[in-house]
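# Chains, contacts and geometry: an overview
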Amino acid sequence: QVQLVESGGGLVQSGGSLRLSCAASGRINSINVMGWYRQAPGKQRELVARITSGGTTNYADSVKGRFTISRDNAKNTVYLQMISLKPEDTGVYYCNVDHKPWGSSRLYDYWGQGTQVTVSS
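The rules behind the values
- Residues numbered from 1 in each chain as written.
- Predicted model: local features only at pLDDT ≥ 70, side-chain atom pairs only at ≥ 80, totals over all residues.
- Heavy atoms only, no water.
- Phe/Tyr/Trp six-rings, centres within 6.5 Å; stacked < 30°, edge-to-face > 60°.
- Lys NZ or Arg CZ within 6 Å of the ring centre and 35° of its normal.
- Salt bridge = Lys/Arg side-chain N within 4 Å of Asp/Glu carboxyl O.
- Buried < 20%, exposed > 50% of the residue type's maximum accessible area, 1.4 Å probe, protein only.
- Helix = DSSP H or I, 4+ residues; strand = E, 2+ residues; numbered from the N terminus.

## As for the packing of aromatic side chains
Per the stated rule, a full pass over the model turns up one aromatic pair. Against the face of Tyr79 rests Arg19, its NZ or CZ located 4.1 Å from the ring centre. The residue whose ring lies beneath Arg45 is Trp111, and the NZ or CZ to ring-centre distance is 4.7 Å.

So this is what it looks like as structure tokens:
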């Protein structure tokens, strides 16, 4: 089992910055992709950014140039640096990882509990 603990959410004014962190713990063997998703009220959860174990990144068009995803493989931690925040960035941000347990060839999907980001106008 893998546990994910997120931190760094909060209330910020439009144009402000926040940095989210997500630390994975437990019986960790190999984490492949780490990512951040968000869900605004009344909307579906959407991908914000993802990063592979090799460092390849993908971003939603709406956050390109403003958000940066990074990871520390030694700490099993993924970060999301958010600048120039807009009210439409408001939502619950969830951490997601793909993990391959010891002795398995399968990847298992894990989600964090979510952290609220609120951007006021």
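Continuing now.
## A word on the pattern of salt bridges
Under the defined criterion, the tally for this structure stands at four salt bridges. One salt bridge connects Arg38 with Glu46, and the closest N-O pair in it is separated by 2.8 Å. Taking relative accessible area as the criterion, Arg38 reaches 6% and is therefore assigned buried. Take Glu46: its relative accessible area is 36%, and that puts it in the partly exposed class. Note that Arg66 and Asp89 form a salt bridge whose closest N and O atoms lie 2.8 Å from each other. Of this pair, Arg66 sits in the loop between strand 6 (57-59) and strand 7 (67-72) while Asp89 sits in the loop between strand 8 (77-82) and strand 9 (91-100), placing them 23 residues apart in sequence. The structure contains a network of salt bridges with shared partners spanning Arg38, Glu46, Arg66 and Asp89.

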